[in-house]
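A structural walkthrough
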Amino acid sequence: MSRDKFAQQSLGGTLHGMVKKSRVLMVGAGGIGCELLKNLVLTGFGEIHIVDLDTIDLSNLNRQFLFRNEHIKKSKALVAKEAAQKFNPNVKIEAYHENIKDSQFNAAWFQQFNLVFNALDNLDARRHVNKMCLASNVPLIESGTTGFNGNVQVIKKGDTECYDCVPKPTPKTFATCTIRSTPSQLIHCIVWGKSYLFAELFGISEDDAPELDQSLDKEGNNADEIAKLRQEATKLKRVREQMGSQNFPRAVFEMVFREDIERLLSMEDMWKGKRAPVALDFDQLSEESTVPAATLLQDDQRTWSTEENFAIFVDSILRLGQRLETERAQKEVGKSAVVLSFDKDDADTLDFVVASANLRAAIFGIEPRSKFDIKQMAGNIIPAIATTNAMTAGLCVLQAFKILRYTDPEQLKRHAQVVFLTRTTERNLAADLVQPPNPECPTCSVTQITLTVDTARAKLSDLVEDVLKSQLDYGEEFNVTKDGDLLYDADEDAHLDKTFSELGLITGSSVTVIDDADEDCKVNVQFSIDAKNLPSADKPISMLRDLKIATRPKAAIPVAAPSTNGHGHANTNGTSNGTISGVKRTADEASLEDDIVRKKGKVIKEKQVMNADDILVIEDEKDDGVIELD
Ligand SMILES: Nc1ncnc2c1ncn2[C@@H]1O[C@H](COP(=O)(O)OP(=O)(O)OP(=O)(O)O)[C@@H](O)[C@H]1O
Ligand SMILES: [Zn+2]
C-alpha cells in the first residue's frame, strides 16, 4: 500500500495533490516545530525547508520528540531533518542551522515558498518573518504556545491582519528604585542579580537592561536616588578591574552586600514603617560556610541557607571571572569586546544569579528559594506543555490546507481563522475569522517592494531619479529615509552621488519613501534591498515587477476596535505571540467547536450533501474517500 494512501483518503485527491506539490518553510525547530515537522512530513508536503539557529539542549528532550540524548549540542534543524526524513522518504527536506534574520534569507529566497510556518519563541524573529512574508507576498501561519494556551493565526498580505497589526504589550518592567533600593519580593532580587549585578560585572551595563525602568516616579522625586545609584554603578565598574584575582569575590561582596546596604540604611526616612535591611559580613559567612559549592550544587531543589548561598556566590563569581578572562585573552584583535550574558541554561550564570538573589533576599528579609525555582523565575519560564505544542502544530496544518485550497482571497477570508487553545474559557478551542489589515499598522500598511541593486554601482540618484521619479511617478515632494535617518528630500541632496554600498544599503536593509505631495499622495513604501552584481550594460537598479504605487485614501480610516472575544495578542515572555484574554464567548460567537458538533449531526443526516461554505464536511465518495476538515 502506498505511503500516502491514508493522507490522500483523508484530504481528497485535489487537496492532497496541492499538498504534495507545495514547498513550505518552517522557521524554528523547537517545541512546536518538532511536532509541526512530523505533521508536515506525514501529511506529505512535498518539500520542507527548516531554519533554526540553535543546538539541542538537555531541557528540550521532554517535549521535542525528534531529539534524543545523543543529539545534545547538535543542530536542531539538521537533527530534525534526519529524524523526520525517516517518517517519509518521499518528502524533500532542506535544513539550515542559521538565523532566519541572515541576509541570505532575503525576499527573493522567501518567494520560492507557497507557505511559511513560524514556530518561534521570540517577538523579534516573529516580526522579521512577518515582514519578509509581506515583502515576498507569501502567506504565513503564525503560532505560539504558553503553558496550556496556544494560538494559530493565518496571515496573508493585503487580506488579513499581519503580526504587527495588533500592537503587542511590552514585557513587564520594574522601577529601578524597587530593584536597586527597596525590593519587596524575590523577583526583585532576581532581576537585581540578573539585570544589574551580573550585567555590570560581566556583561553590558544596566542602562541597556530592558527590565529596568529608569523613568522618574510620578512626582519626579526619585531623581536624587537615581543619581546615587548611578554613582554606585560606577564604583562597581571599578571593582570589575579586580576580576581574575582571588580577592574579586570579597571586593564585590563588600560593595554590594555591605557598603551599599549601609548607605541605604543611612537614609532613615526610607525605612519608616518598613523592615530595614541588614548588611552581611563576609568573614562571618566565610567561617560558617563549610560545605563545598560542588556538593551543594548537586542539591538544587532544596533552598540553600545564607552561608550555602555565600559558598555558591564565591564559587560562581570565580568561575565567571576566569571564564571572562580566558575569553578576553583569546579574543581576536579588532573583534568587539567580550561580554557574558545571562542564560538560564548556562550553569555559571544561573548559579551566580541564584546566590546573589538569595543573599540579597536575606538582607531584605525576603524568603529565599531553590535554584530550581529561581531558574523558572529568572528565565521567565512558563512550563512548555508537549500536548499544547502538539495541538497547536495540528491546527497549523489545518489552516495550511485552507491557504492551499482557497486561492481566491474572498474565499480565504471566509475560511481562514485565528484559533485559540485555552483552559481559561468555557471551551478549549475557539476561533475567529481572520480580521482585515489594520490601516494604521506600522508594518503592513506600508507597501513593500524589493529592489535588486548592484550596490557598488547604483547611486542614491538612480533611486531618486530613475526609479522613483521616472518609473514610479513621484513628484518633487518626497523623502527617503534609512532606519529613520534622512537620506534625501527636496532640500537634502548631499547623498545623491553616494553609492548604495557607501550608504550602508546592503542585502536585508531597506529604505522608506514617504510621499509629501498635496494631491494624490502615494502610500508609504518600504524598498528592501537585494544586492546583486548586474551586467554593466543594465541599469544598476531593477524592480521585480512593473509597479504602480497606490494613492493614500483621503480621510484616515479609523482603526478597528480591539476585538473583545479573546482575540488578545499578549506577549509576556516571548514564548507565545498570543494569550487568551479570558473573556467568555457565547456559543454563537465562537464558531469552531459548535460548528463541528452541529455539522457532525448534519453530516450523518445529509451524508451526500457537500456545501463549500460548511466548516466540516465528511463525504464518502466511492472512488476518492474524503474527510474534509475545514
Ligand atoms: N532568529 C531565529 N532564527 C532561527 N531560529 C530561531 C530564531 N529565534 C528562535 N529560533 C528557534 O525557535 C525555536 C523555538 O522553540 P521553543 O519555543 O521550543 O524554544 P526552545 O529554545 O527550544 O525551548 P526553551 O526556550 O523552552 O528552552 C528554538 O529552537 C529557537 O532556536
Ligand atoms: Zn499589519
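Residues numbered from 1 in each chain as written. Chains lettered and ligands numbered in written order. Predicted model: local features only at pLDDT ≥ 70, side-chain atom pairs only at ≥ 80, totals over all residues. Heavy atoms only, no water.

**Describing the coordination of the zinc ion (ligand 2)**
- The protein atoms that coordinate the zinc ion (ligand 2) are Cys162 (SG), Cys165 (SG), Cys441 (SG) and Cys444 (SG), at distances of 2.2 to 2.3 Å.
- Of note is the zinc ion (ligand 2), whose 4 donor atoms meet at the metal with angles of 93 to 121 degrees in an arrangement that counts as tetrahedral.
- Mapped onto the polypeptide sequence, the residues donating to the zinc ion (ligand 2) form the spacing pattern C-x2-C-x275-C-x2-C. The two residues Cys162 and Cys165 agree in class, both being buried. (Donors = N, O, S within 2.8 Å, 3.2 Å for Na, K, Ca; no water. Tetrahedral: all angles 85-135°; square planar, octahedral: opposite > 155°, others 65-115°. Buried < 20%, exposed > 50% of the residue type's maximum accessible area, 1.4 Å probe, protein only.)

**Description of the site of ligand 1**
- Around ligand 1 there are 19 residues in total, and Gly31, Asp52, Arg63, Lys76 and Asn99 lie nearest to it.
- Asp52 is positioned with one of its side-chain polar atoms (N or O) 2.6 Å from an oxygen atom of ligand 1.
- Here a nitrogen atom of ligand 1 and a backbone polar atom of Leu53 are 3.4 Å apart.
- In isolation ligand 1 offers 620 Å² of accessible surface; the protein chains occlude 84% of this area.
- Its residues assigned to classes, the shell around ligand 1 comprises 5 nonpolar, 7 polar and 7 charged. (Near = heavy atom within 4 Å. Polar contact = N/O pair within 3.5 Å; in protein donor to acceptor, adjacent residues only side chain to side chain. Areas by Shrake-Rupley, 256 points an atom, 1.4 Å probe, with all protein chains shown as cover. Nonpolar A, V, L, I, M, F, W, Y, C, P; charged D, E, K, R; others polar.)

**Topic: the UniProt feature "binding site: Zn(2+)" (unreviewed entry) in the protein chain**
- The feature "binding site: Zn(2+)" (unreviewed entry), as given by UniProt, occupies Cys162, Cys165, Cys441 and Cys444 in the numbering adopted here. These annotated residues cover 283 residues of sequence, but their C-alpha atoms sit close together, with the largest distance between any two at 8.3 Å.
- Its place among the elements puts Cys441 in the loop between strand S10 (429-433) and strand S11 (447-453).
- Ignoring anything within four residues of it in the chain, the contact list for Cys441 reads Cys162, Asp164 and Cys165.
- Note on placement: Cys444 falls in the loop between S10 and S11.
- For Cys444, the residues in contact, after removing those within four places along its chain, are Leu134, Cys162, Cys165 and Pro437. (UniProt positions renumbered as here; feature names shortened; annotations may be inferred. Helix = DSSP H or I, 4+ residues; strand = E, 2+ residues; numbered from the N terminus. Contact = heavy atoms within 4.5 Å.)

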